[in-house]
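Structure at a glance
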Amino acid sequence: MTTLEAPEARTGRRRRPAPPGYEESVPRHEESVQQRQPDPPIYDALLARWAADGRTLPGRRDPEWSRVATSPIWPSGPA
């Protein structure tokens with residue numbers, strides 16, 4: 001019986017070096033953070049409305065989740 005795998009162990013995929021003059025179509029995270037454009041006013045208005053309604057907003061901590069995650073696993077005191 002023949003196998004398709006080579007006898008040596010594989011450790012995962014390896015990235016090939018980029019050829020000279022090659023540019024990625026999607027910027028790396030560090031570059032995208034530095035070149036970030038401000039959000040359009042419609043998004044600012046939407047975030048303000050969500051905040052007024054008490055909703056969780058992107059990029060901000062959820063106070064309800066923080067409270068639940070930091071509470072004790074078992075309640076203390078009489079049952």
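A quick note: this is a predicted structure, and the numbers were derived from the prediction, not measured.

What counts as what
- Counting from 1, residues in each chain are numbered in the order their sequence is written.
- Per-residue local features are limited, in this predicted model, to residues with pLDDT of at least 70; the limit for side-chain atom pairs, both in listing and counting, is 80 or more; totals at the level of whole chains, interfaces and linings are taken over all residues.
- Heavy atoms throughout the structure, all of them, feed into the side-chain values; hydrogens and water do not.
- Burial classes: relative accessible area under 20% of the type maximum marks a residue as buried, over 50% as exposed, and values in between as partly exposed (1.4 Å probe, protein chains only).
- Segments assigned H or I by DSSP are reported as helices when at least four residues long, segments assigned E as strands when at least two residues long, and all are numbered from the N terminus.
- Any pair of N or O atoms that falls within 3.5 Å is considered a polar contact. Within protein, one atom must be able to donate a hydrogen and the other to accept it, and sequence-neighbouring residues count only if both atoms are side-chain atoms.
- Like-charged residues within 9 Å of one another, or nonpolar side chains (Val, Leu, Ile, Met, Phe, Trp, Tyr) within 5 Å, are grouped into patches, provided each residue has over 30% relative accessible area and no salt bridge.
- With residues, only the protein chains shown are counted as cover, and all accessible areas are computed by Shrake-Rupley using a 1.4 Å probe.
- Salt bridge, as applied in this entry: a Lys or Arg side-chain nitrogen positioned within 4 Å of an Asp or Glu carboxyl oxygen.
- Here a helix's expected span is defined as the number of its residues, less one, multiplied by 1.5 Å.

**A few points about helix α3 (residues 63-70)**
Summarising burial for α3: 0 of the 8 residues are buried, a small minority. Of the residues that open α3, the one with a side-chain oxygen 3.2 Å from the backbone nitrogen of Glu 64 is Asp 62.

**Describing a nonpolar patch on the surface**
On the surface, Ile 42, Tyr 43 and Leu 46 cluster together into a nonpolar patch covering about 320 Å² of accessible area. Counting through the fold element by element, Tyr 43 comes out in helix α2 (residues 41-52). What makes Tyr 43 partly exposed here is its relative accessible area of 47%.

**Brief notes about α2**
Along an α-helix, a turn takes 3.6 residues, which lines up residues three or four apart on a common side. With 12 residues, α2 ought to run about 16 Å at 1.5 Å a step, and its terminal C-alpha atoms sit 17 Å apart, in line with that. Looking one or two residues past α2, Gly 54 carries a phi angle of roughly 80°, positive in sign.

Just distances and angles here, no functional claims.
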